[in-house]
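The lines below spell out each chain.
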Amino acid sequence: MSMSTRRQFIASSGAIVGTSLLAGAAFGAAAPQINRRIVLAKRPDGDPTPADFRLEEVPIPALRDGEVLLRTVYLSLDPYMRARMSDAASYAAPTELNQVMVGGTVSRIAASRNPRFKEGDLVNSYSGWQEYQVSNGMGITPLDARIPKPSYALGVLGMPGLTAYVGTLDLGAPKPGETLAVAAATGAVGSVVGQIAKIKGLRAVGIAGGPEKCSYAVKELGFDACIDHRDADMPRLLKDACPKGIDVYFENVGGAVWDAVVPLLNTHARVPLCGLIAQYNATRLPPGPDRSSQLMGTFLTKQVKVQGFIISTYYHRQSAFIADMSTWLKEGRIKYREDITQGLENAPQAFMGLFKGSNFGKLLVQVSE
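Residues numbered from 1 in each chain as written. Predicted model: local features only at pLDDT ≥ 70, side-chain atom pairs only at ≥ 80, totals over all residues. Heavy atoms only, no water.

## Thoughts on the pairing of strand E11 (residues 246–250)
Part 1: Burial within E11 is extensive, with five of its five residues counted as buried.
Part 2: Bridge count between strand E8 (residues 179–183) and E11: three bridges; the pairing is parallel. Each bridged residue has a counterpart across the sheet, and for Ala181 the counterpart in E11 is Tyr249.
Part 3: The parallel pair E11 and strand E12 (residues 265–273), bridged by helix H7 (residues 255–261), forms a crossover whose chirality is right-handed. (Buried < 20%, exposed > 50% of the residue type's maximum accessible area, 1.4 Å probe, protein only. Helix = DSSP H or I, 4+ residues; strand = E, 2+ residues; numbered from the N terminus. Pairing = 2+ DSSP bridges. Right-handed = clockwise from strand over helix to strand, strands pointing away.)

What follows is the structure, given as C-alpha coordinates:
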(Lines give C-alpha, C1' and ligand atoms only; values in the text may rest on other atoms or scores of the structure.)
Protein backbone atom coordinates (compact mmCIF):
# COMPACT_ATOMS: atom_id res chain seq x y z
CA MET A 1 0.00 0.00 0.00
CA SER A 2 1.47 3.38 -1.00
CA MET A 3 1.78 6.07 1.66
CA SER A 4 -1.00 8.12 0.03
CA THR A 5 -3.31 5.10 -0.23
CA ARG A 6 -2.56 4.18 3.36
CA ARG A 7 -3.40 7.74 4.50
CA GLN A 8 -6.65 7.65 2.53
CA PHE A 9 -7.58 4.28 4.04
CA ILE A 10 -6.95 5.47 7.59
CA ALA A 11 -8.62 8.83 7.00
CA SER A 12 -11.77 7.15 5.66
CA SER A 13 -11.90 4.63 8.47
CA GLY A 14 -14.33 6.55 10.62
CA ALA A 15 -12.16 5.74 13.62
CA ILE A 16 -13.90 5.43 16.95
CA VAL A 17 -11.77 6.62 19.83
CA GLY A 18 -13.01 6.27 23.35
CA THR A 19 -11.90 6.11 26.95
CA SER A 20 -10.37 2.78 27.92
CA LEU A 21 -12.38 0.46 30.09
CA LEU A 22 -9.31 -1.62 30.91
CA ALA A 23 -8.75 -0.54 34.49
CA GLY A 24 -7.41 -1.89 37.74
CA ALA A 25 -4.06 -2.28 39.37
CA ALA A 26 -3.77 -5.90 38.21
CA PHE A 27 -2.80 -4.75 34.73
CA GLY A 28 -0.65 -1.74 35.55
CA ALA A 29 -0.48 1.76 34.13
CA ALA A 30 1.13 0.57 30.91
CA ALA A 31 -1.78 -1.70 29.99
CA PRO A 32 -3.07 -1.18 26.42
CA GLN A 33 -6.16 0.98 26.20
CA ILE A 34 -7.13 1.07 22.53
CA ASN A 35 -7.67 -1.73 20.04
CA ARG A 36 -7.20 -1.11 16.34
CA ARG A 37 -9.28 -3.39 14.15
CA ILE A 38 -10.33 -3.74 10.51
CA VAL A 39 -14.02 -4.40 9.92
CA LEU A 40 -16.10 -5.28 6.87
CA ALA A 41 -17.47 -1.92 5.71
CA LYS A 42 -19.45 -3.26 2.75
CA ARG A 43 -19.77 -6.45 0.74
CA PRO A 44 -17.58 -6.55 -2.38
CA ASP A 45 -19.05 -6.61 -5.87
CA GLY A 46 -16.35 -8.57 -7.68
CA ASP A 47 -12.77 -7.92 -6.59
CA PRO A 48 -12.39 -6.51 -3.05
CA THR A 49 -11.45 -2.82 -2.90
CA PRO A 50 -10.15 -0.57 -0.09
CA ALA A 51 -13.70 0.77 0.34
CA ASP A 52 -14.82 -2.68 1.55
CA PHE A 53 -12.72 -2.31 4.71
CA ARG A 54 -12.65 0.20 7.56
CA LEU A 55 -9.97 0.74 10.19
CA GLU A 56 -11.40 1.54 13.61
CA GLU A 57 -10.09 2.29 17.07
CA VAL A 58 -12.19 1.05 19.98
CA PRO A 59 -11.63 0.85 23.75
CA ILE A 60 -10.45 -2.43 25.26
CA PRO A 61 -12.92 -3.64 27.92
CA ALA A 62 -11.84 -4.64 31.41
CA LEU A 63 -11.01 -8.30 31.90
CA ARG A 64 -13.33 -10.39 34.00
CA ASP A 65 -12.45 -13.57 35.86
CA GLY A 66 -11.60 -16.34 33.42
CA GLU A 67 -10.69 -13.98 30.58
CA VAL A 68 -7.41 -13.17 28.82
CA LEU A 69 -6.29 -10.29 26.65
CA LEU A 70 -4.71 -11.49 23.41
CA ARG A 71 -2.30 -9.36 21.42
CA THR A 72 -2.02 -10.43 17.78
CA VAL A 73 1.51 -11.20 16.64
CA TYR A 74 0.80 -12.74 13.21
CA LEU A 75 -2.40 -12.66 11.16
CA SER A 76 -2.97 -15.21 8.40
CA LEU A 77 -4.49 -13.99 5.12
CA ASP A 78 -6.24 -16.76 3.17
CA PRO A 79 -8.55 -17.03 0.12
CA TYR A 80 -11.50 -18.36 2.15
CA MET A 81 -11.88 -14.88 3.70
CA ARG A 82 -13.31 -13.60 0.40
CA ALA A 83 -16.22 -16.03 0.73
CA ARG A 84 -16.87 -14.80 4.27
CA MET A 85 -17.20 -11.26 2.91
CA SER A 86 -20.21 -12.41 0.87
CA ASP A 87 -23.64 -13.16 2.29
CA ALA A 88 -24.15 -16.09 -0.10
CA ALA A 89 -24.91 -19.47 1.48
CA SER A 90 -21.73 -21.36 2.39
CA TYR A 91 -20.33 -23.85 4.88
CA ALA A 92 -19.72 -21.06 7.40
CA ALA A 93 -21.63 -17.96 8.41
CA PRO A 94 -20.60 -14.74 6.63
CA THR A 95 -18.88 -11.90 8.40
CA GLU A 96 -21.51 -9.36 9.36
CA LEU A 97 -21.16 -5.77 8.21
CA ASN A 98 -19.20 -3.59 10.66
CA GLN A 99 -17.73 -6.70 12.32
CA VAL A 100 -14.06 -7.65 12.51
CA MET A 101 -12.74 -9.53 9.49
CA VAL A 102 -12.18 -13.18 10.40
CA GLY A 103 -8.75 -14.78 10.43
CA GLY A 104 -6.44 -17.19 12.19
CA THR A 105 -3.76 -15.64 14.36
CA VAL A 106 -0.78 -16.34 16.55
CA SER A 107 -1.29 -14.20 19.64
CA ARG A 108 0.54 -13.41 22.85
CA ILE A 109 -1.21 -13.34 26.22
CA ALA A 110 -0.98 -9.65 27.14
CA ALA A 111 -2.92 -10.00 30.41
CA SER A 112 -4.64 -12.92 32.11
CA ARG A 113 -7.30 -13.61 34.67
CA ASN A 114 -7.48 -17.24 33.56
CA PRO A 115 -5.33 -19.80 35.43
CA ARG A 116 -4.80 -21.79 32.21
CA PHE A 117 -2.78 -19.00 30.61
CA LYS A 118 -0.02 -16.72 31.82
CA GLU A 119 1.21 -13.43 30.43
CA GLY A 120 3.71 -13.88 27.62
CA ASP A 121 2.39 -17.25 26.42
CA LEU A 122 2.04 -17.67 22.65
CA VAL A 123 -1.20 -19.27 21.50
CA ASN A 124 -3.10 -20.22 18.39
CA SER A 125 -6.28 -18.17 18.18
CA TYR A 126 -8.88 -16.86 15.79
CA SER A 127 -8.73 -13.21 16.73
CA GLY A 128 -9.19 -11.86 13.21
CA TRP A 129 -7.98 -8.57 11.78
CA GLN A 130 -7.30 -6.70 15.00
CA GLU A 131 -4.50 -5.94 17.42
CA TYR A 132 -6.22 -7.15 20.59
CA GLN A 133 -9.02 -9.50 21.56
CA VAL A 134 -10.60 -10.31 24.90
CA SER A 135 -11.22 -14.07 25.14
CA ASN A 136 -12.72 -16.43 27.70
CA GLY A 137 -10.06 -18.97 26.77
CA MET A 138 -12.28 -21.11 24.55
CA GLY A 139 -10.80 -21.94 21.17
CA ILE A 140 -7.26 -20.85 21.98
CA THR A 141 -4.42 -23.34 22.43
CA PRO A 142 -0.76 -23.01 23.38
CA LEU A 143 1.62 -23.27 20.44
CA ASP A 144 2.89 -26.80 19.91
CA ALA A 145 6.46 -27.11 21.16
CA ARG A 146 7.47 -28.80 17.90
CA ILE A 147 6.75 -25.63 15.89
CA PRO A 148 10.17 -23.97 15.29
CA LYS A 149 8.83 -20.49 14.38
CA PRO A 150 5.57 -18.98 15.67
CA SER A 151 4.49 -17.93 12.17
CA TYR A 152 4.69 -21.55 11.00
CA ALA A 153 1.60 -22.27 13.13
CA LEU A 154 -0.41 -20.36 10.50
CA GLY A 155 1.23 -22.02 7.51
CA VAL A 156 3.25 -25.16 6.98
CA LEU A 157 2.43 -26.40 10.51
CA GLY A 158 -1.03 -24.85 10.59
CA MET A 159 -4.26 -24.90 8.61
CA PRO A 160 -2.68 -24.64 5.10
CA GLY A 161 -0.19 -27.41 5.87
CA LEU A 162 -2.91 -29.65 7.29
CA THR A 163 -5.01 -28.96 4.17
CA ALA A 164 -2.14 -30.08 1.95
CA TYR A 165 -1.45 -33.13 4.12
CA VAL A 166 -5.05 -34.40 4.31
CA GLY A 167 -5.90 -33.57 0.70
CA THR A 168 -2.81 -35.25 -0.70
CA LEU A 169 -2.58 -38.32 1.52
CA ASP A 170 -6.12 -39.06 2.70
CA LEU A 171 -8.12 -37.98 -0.35
CA GLY A 172 -5.49 -38.16 -3.08
CA ALA A 173 -4.41 -41.67 -2.02
CA PRO A 174 -1.12 -41.34 -3.93
CA LYS A 175 0.82 -44.34 -5.22
CA PRO A 176 4.52 -44.35 -6.12
CA GLY A 177 5.09 -43.72 -9.81
CA GLU A 178 1.85 -41.77 -10.32
CA THR A 179 1.62 -38.15 -11.47
CA LEU A 180 0.22 -35.43 -9.21
CA ALA A 181 -0.56 -31.93 -10.47
CA VAL A 182 -1.34 -28.89 -8.34
CA ALA A 183 -2.04 -25.25 -9.17
CA ALA A 184 -0.86 -22.28 -7.08
CA ALA A 185 2.21 -24.45 -6.72
CA THR A 186 4.28 -21.94 -4.73
CA GLY A 187 1.48 -20.94 -2.37
CA ALA A 188 1.00 -22.04 1.21
CA VAL A 189 -0.95 -25.18 0.25
CA GLY A 190 0.29 -26.03 -3.23
CA SER A 191 3.98 -25.87 -2.35
CA VAL A 192 3.47 -28.45 0.41
CA VAL A 193 1.26 -30.68 -1.77
CA GLY A 194 3.99 -31.04 -4.40
CA GLN A 195 6.70 -31.76 -1.84
CA ILE A 196 4.60 -34.42 -0.10
CA ALA A 197 4.05 -36.00 -3.52
CA LYS A 198 7.81 -36.21 -4.05
CA ILE A 199 8.30 -37.72 -0.58
CA LYS A 200 5.75 -40.39 -1.53
CA GLY A 201 7.49 -41.20 -4.83
CA LEU A 202 5.24 -39.39 -7.33
CA ARG A 203 5.96 -37.15 -10.28
CA ALA A 204 4.98 -33.65 -9.15
CA VAL A 205 3.84 -31.09 -11.72
CA GLY A 206 3.00 -27.58 -10.60
CA ILE A 207 1.13 -24.69 -12.21
CA ALA A 208 2.09 -21.20 -11.01
CA GLY A 209 1.98 -17.56 -12.10
CA GLY A 210 5.19 -16.41 -13.77
CA PRO A 211 8.67 -17.72 -14.60
CA GLU A 212 10.13 -16.84 -11.19
CA LYS A 213 7.58 -18.90 -9.31
CA CYS A 214 7.88 -21.80 -11.74
CA SER A 215 11.67 -21.79 -11.42
CA TYR A 216 11.38 -21.77 -7.62
CA ALA A 217 8.99 -24.74 -7.69
CA VAL A 218 11.46 -26.82 -9.69
CA LYS A 219 14.84 -25.68 -8.39
CA GLU A 220 14.00 -25.11 -4.72
CA LEU A 221 10.94 -27.23 -3.97
CA GLY A 222 11.92 -30.20 -6.15
CA PHE A 223 8.91 -30.32 -8.49
CA ASP A 224 9.59 -32.28 -11.70
CA ALA A 225 8.04 -29.52 -13.79
CA CYS A 226 6.07 -26.30 -13.35
CA ILE A 227 3.93 -24.59 -15.98
CA ASP A 228 3.20 -20.86 -16.14
CA HIS A 229 -0.58 -20.47 -16.23
CA ARG A 230 -0.12 -17.07 -17.87
CA ASP A 231 1.40 -18.71 -20.95
CA ALA A 232 -1.10 -18.79 -23.81
CA ASP A 233 0.11 -22.30 -24.61
CA MET A 234 -0.47 -23.55 -21.04
CA PRO A 235 -2.75 -26.52 -21.93
CA ARG A 236 -0.19 -27.99 -24.34
CA LEU A 237 2.70 -27.36 -21.97
CA LEU A 238 0.79 -29.10 -19.17
CA LYS A 239 0.08 -32.08 -21.40
CA ASP A 240 3.78 -32.32 -22.30
CA ALA A 241 4.71 -32.20 -18.60
CA CYS A 242 2.29 -35.06 -17.84
CA PRO A 243 3.10 -37.65 -20.55
CA LYS A 244 1.34 -40.40 -18.57
CA GLY A 245 -1.66 -38.25 -17.69
CA ILE A 246 -2.70 -37.07 -14.22
CA ASP A 247 -3.61 -39.47 -11.42
CA VAL A 248 -4.07 -36.90 -8.63
CA TYR A 249 -5.06 -33.30 -9.22
CA PHE A 250 -5.15 -31.17 -6.09
CA GLU A 251 -7.74 -28.52 -6.97
CA ASN A 252 -7.52 -25.13 -5.30
CA VAL A 253 -7.88 -22.75 -8.26
CA GLY A 254 -10.47 -23.73 -10.91
CA GLY A 255 -10.91 -21.62 -14.04
CA ALA A 256 -8.66 -22.11 -17.06
CA VAL A 257 -6.29 -24.41 -15.16
CA TRP A 258 -9.14 -26.83 -14.41
CA ASP A 259 -10.14 -26.76 -18.08
CA ALA A 260 -6.60 -27.78 -19.05
CA VAL A 261 -6.44 -30.55 -16.43
CA VAL A 262 -9.70 -32.39 -17.16
CA PRO A 263 -8.65 -33.95 -20.51
CA LEU A 264 -5.49 -35.28 -18.83
CA LEU A 265 -7.21 -37.09 -15.96
CA ASN A 266 -6.52 -40.82 -15.97
CA THR A 267 -9.00 -43.57 -15.24
CA HIS A 268 -9.55 -43.74 -11.47
CA ALA A 269 -7.99 -40.29 -11.00
CA ARG A 270 -8.61 -38.56 -7.67
CA VAL A 271 -9.37 -34.85 -7.33
CA PRO A 272 -9.24 -33.43 -3.78
CA LEU A 273 -11.08 -30.09 -3.98
CA CYS A 274 -10.26 -27.51 -1.31
CA GLY A 275 -10.74 -24.19 -3.09
CA LEU A 276 -11.59 -22.29 -6.29
CA ILE A 277 -9.74 -19.00 -5.96
CA ALA A 278 -10.11 -18.17 -9.67
CA GLN A 279 -13.85 -17.69 -9.25
CA TYR A 280 -14.20 -16.23 -5.74
CA ASN A 281 -14.59 -12.71 -7.12
CA ALA A 282 -16.95 -13.69 -9.95
CA THR A 283 -20.35 -12.01 -9.93
CA ARG A 284 -21.90 -14.21 -12.64
CA LEU A 285 -21.31 -17.48 -14.47
CA PRO A 286 -18.60 -17.33 -17.17
CA PRO A 287 -19.79 -16.97 -20.77
CA GLY A 288 -19.79 -19.92 -23.11
CA PRO A 289 -21.63 -23.20 -23.60
CA ASP A 290 -22.75 -25.36 -20.70
CA ARG A 291 -20.16 -28.13 -20.53
CA SER A 292 -21.42 -29.78 -17.35
CA SER A 293 -22.70 -32.86 -19.22
CA GLN A 294 -19.31 -33.30 -20.89
CA LEU A 295 -17.58 -32.95 -17.53
CA MET A 296 -19.88 -35.44 -15.84
CA GLY A 297 -19.35 -37.82 -18.74
CA THR A 298 -15.59 -37.66 -18.14
CA PHE A 299 -16.09 -38.41 -14.46
CA LEU A 300 -18.30 -41.38 -15.32
CA THR A 301 -16.29 -43.02 -18.08
CA LYS A 302 -12.96 -42.51 -16.34
CA GLN A 303 -14.41 -43.27 -12.90
CA VAL A 304 -12.90 -40.09 -11.48
CA LYS A 305 -13.34 -39.40 -7.78
CA VAL A 306 -13.84 -35.70 -6.98
CA GLN A 307 -14.17 -34.89 -3.28
CA GLY A 308 -14.60 -31.46 -1.81
CA PHE A 309 -13.35 -31.06 1.73
CA ILE A 310 -13.41 -28.48 4.51
CA ILE A 311 -10.37 -28.80 6.71
CA SER A 312 -12.27 -28.37 9.97
CA THR A 313 -13.68 -31.87 9.35
CA TYR A 314 -10.17 -33.30 9.57
CA TYR A 315 -8.78 -31.77 12.76
CA HIS A 316 -8.56 -35.32 14.16
CA ARG A 317 -5.54 -35.70 11.85
CA GLN A 318 -3.69 -32.85 13.57
CA SER A 319 -1.43 -35.01 15.75
CA ALA A 320 -0.22 -37.23 12.89
CA PHE A 321 0.21 -34.18 10.67
CA ILE A 322 2.36 -32.28 13.19
CA ALA A 323 4.50 -35.37 13.80
CA ASP A 324 5.15 -35.99 10.09
CA MET A 325 5.48 -32.37 8.98
CA SER A 326 7.80 -31.31 11.80
CA THR A 327 10.03 -34.29 10.99
CA TRP A 328 10.09 -33.51 7.27
CA LEU A 329 10.96 -29.88 8.01
CA LYS A 330 13.77 -30.89 10.34
CA GLU A 331 15.14 -33.29 7.74
CA GLY A 332 14.99 -30.62 5.02
CA ARG A 333 12.51 -32.64 2.95
CA ILE A 334 9.95 -29.84 3.10
CA LYS A 335 10.98 -26.29 2.23
CA TYR A 336 8.74 -23.36 3.01
CA ARG A 337 8.52 -19.69 2.11
CA GLU A 338 6.63 -16.84 3.77
CA ASP A 339 5.49 -13.47 2.41
CA ILE A 340 5.09 -11.16 5.41
CA THR A 341 3.46 -7.71 5.31
CA GLN A 342 4.19 -5.37 8.21
CA GLY A 343 1.38 -3.54 10.01
CA LEU A 344 -2.33 -4.24 10.47
CA GLU A 345 -3.28 -1.21 8.37
CA ASN A 346 -1.67 -2.87 5.34
CA ALA A 347 -3.74 -6.07 5.59
CA PRO A 348 -6.42 -4.99 3.03
CA GLN A 349 -3.88 -4.23 0.31
CA ALA A 350 -2.04 -7.50 0.93
CA PHE A 351 -5.31 -9.42 0.89
CA MET A 352 -6.39 -7.86 -2.40
CA GLY A 353 -3.04 -8.85 -3.92
CA LEU A 354 -3.71 -12.47 -2.98
CA PHE A 355 -6.23 -12.72 -5.84
CA LYS A 356 -3.76 -11.30 -8.33
CA GLY A 357 -0.95 -13.66 -7.40
CA SER A 358 1.09 -10.85 -5.84
CA ASN A 359 2.25 -12.94 -2.90
CA PHE A 360 5.15 -15.39 -3.14
CA GLY A 361 4.68 -17.96 -0.37
CA LYS A 362 2.37 -18.03 2.64
CA LEU A 363 0.81 -14.59 3.12
CA LEU A 364 0.95 -13.18 6.66
CA VAL A 365 0.69 -9.83 8.39
CA GLN A 366 3.02 -9.16 11.30
CA VAL A 367 0.98 -7.06 13.70
CA SER A 368 3.37 -6.92 16.67
CA GLU A 369 6.58 -8.46 17.99
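Having seen the model, we can carry on.
## What about helix H10 (residues 347–354)?
Part 1: Most of H10 is tucked away, with seven of its eight residues classed as buried.
Part 2: Here H10 has its buried residues at Ala347, Pro348, Ala350, Phe351, Met352, Gly353 and Leu354.

## Points about the pattern of salt bridges
Part 1: The tally for this structure, following the rule as stated, stands at 18 salt bridges.
Part 2: In this structure, Lys42 engages Asp52 in a salt bridge whose closest nitrogen and oxygen atoms are separated by 3.0 Å. Note that Lys42 is positioned in the loop between strand E1 (34–40) and strand E2 (53–59) and Asp52 in the loop between E1 and E2, a separation of ten residues in sequence.
Part 3: The exposure class of Lys42 is partly exposed, given its relative accessible area of 39%.
Part 4: Its salt-bridge partner being Arg317, residue Asp170 comes within 2.8 Å of it at the nearest N-O pair. One end of the pair, Asp170, is in helix H3 (residues 159–171); the other, Arg317, is in the loop between strand E13 (305–308) and helix H9 (318–330), and 147 residues separate them in sequence. (Salt bridge = Lys/Arg side-chain N within 4 Å of Asp/Glu carboxyl O.)

## A look at the nonpolar core
Part 1: Membership of the largest hydrophobic core comes to 48 residues, with the highest contact counts inside it found for Val156, Leu157, Ile196, Met325 and Ile334.
Part 2: Elements supplying a minimum of two residues to this core: strand E3 (68–76), H3, E8, helix H4 (190–199), strand E9 (203–208), helix H5 (211–219), E11 and H9.
Part 3: Here this core gets six residues from one element, more than from any other, and that element is H3.
Part 4: With near-sequence residues (within four places) excluded, Val156 lies in contact with Gly161, Val192, Phe321, Met325, Leu329, Ile334 and Tyr336.
Part 5: Ile227, Val253, Val262 and Ala269 belong to the second largest nonpolar core, which has 24 residues in total. (Core = buried A, V, L, I, M, F, W, Y, C linked by side-chain atoms within 4.5 Å. Contact = heavy atoms within 4.5 Å.)

## Examining the sheet that holds E9
Within a sheet, neighbouring strands are paired by backbone hydrogen bonds and run either parallel or antiparallel to one another.
Part 1: Here we have six strands laid out as an open sheet, ordered E10-E9-E8-E11-E12-E13, and parallel in their pairing. Only two strands of the sheet have a single partner each, and these edge strands are strand E10 (225–228) and E13. With strand direction ignored, the average angle separating the axes of adjacent strands in the sheet is 15°.
Part 2: Bridge analysis of E9 against E10 gives four bridges, and the strand direction is parallel. Its bridge partner being in E10, Val205 is matched across the sheet by Ala225.
Part 3: Sheet contacts for H5: E9 and E10; angle to E10, the most-contacted strand, approximately 170°. (Axes fitted to C-alpha atoms, helices over the stretch in contact; angles between N-to-C directions.)

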